[in-house]
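# Fold and geometry: a report
Given next are the chains, with one letter for each unit.
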Amino acid sequence: VIRAREIQNQRFHGKHCFCNAFMEPAQMIQHCALDGKLQNLIRHAITEFGLSARAYDRILRVARTIADLDESENISQSHLFEAISFRALDRR
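Structural notes, computed from the coordinates.

The rules behind the values
- Residues numbered from 1 in each chain as written.
- Predicted model: local features only at pLDDT ≥ 70, side-chain atom pairs only at ≥ 80, totals over all residues.
- Heavy atoms only, no water.
- Helix = DSSP H or I, 4+ residues; strand = E, 2+ residues; numbered from the N terminus.
- Expected span 1.5 Å × (residues − 1).
- Buried < 20%, exposed > 50% of the residue type's maximum accessible area, 1.4 Å probe, protein only.
- Arc of directions from axis to C-beta.
- Polar contact = N/O pair within 3.5 Å; in protein donor to acceptor, adjacent residues only side chain to side chain.
- Phe/Tyr/Trp six-rings, centres within 6.5 Å; stacked < 30°, edge-to-face > 60°.

Take helix α3 (residues 36–49) next. Across its 14 residues, α3 extends 20 Å between first and last C-alpha, which sits within 8% of the 20 Å expected from 1.5 Å per residue. Buried within α3 are the following residues: L38, L41, I42, A45 and I46. Here the buried residues of α3 occupy an arc of 135° about the axis, which is enough to place them on one side. Residues of α3 that are exposed and point over 90 degrees away from its buried face: K37, R43, H44, T47 and E48. If you check the start of α3, you find a side-chain oxygen 3.2 Å away from the backbone N of K37, and it comes from D35.

Set out below in structure tokens:
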């Protein structure tokens, strides 16, 4: 967890944002980019669980944090699946 926080501190150094939870839309575009396969996956989850645009943003932020915990530069399918599963649990 400490290493993930260090990664976030480096990412947002000199910006008013200090962690993934407070990313603005432009920062999310830059730091939470998904390839076509992952975009399809998250769209399917949004439709399947009836989630809002706000939930979409939260899933991306959580996926980015999970990737940071994994010390991964990019969000992978496993990171996105885990973030979606957390959101799905909230819906139950």
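Following the sequence through the fold, S76 ends up in the loop between α4 (53–69) and α5 (77–91). For the pair S76 and I66, spaced ten residues apart in sequence, the C-alpha to C-alpha distance is 9.5 Å.

Moving on: α4. Relative to the 24 Å expected for 17 residues at 1.5 Å per residue, α4 spans 25 Å between its end C-alpha atoms, a close match to the ideal helical length. Along α4, the positions that sit buried rather than exposed are A55, I59, L60, R61, A63, R64, I66, A67 and D68. One or two residues past the end of α4 sits E71, with phi positive at roughly 55°.

All right, on to unusual backbone geometry then. The phi dihedral of E71 falls on the positive side, at around 55°, and the residue is not glycine. Given a relative accessible area of 52%, E71 falls into the exposed group.

A complete count under the given rule lists one aromatic pair for this structure. Measuring from centroid to centroid gives 5.2 Å for F18 and F22, while their planes differ by 35°, and the two rings are tilted. What makes F18 partly exposed here is its relative accessible area of 44%. Residue F22 is classed as partly exposed on the basis of its relative accessible area, which comes to 49%.

In short, shape yes, function no, at least from these values alone.
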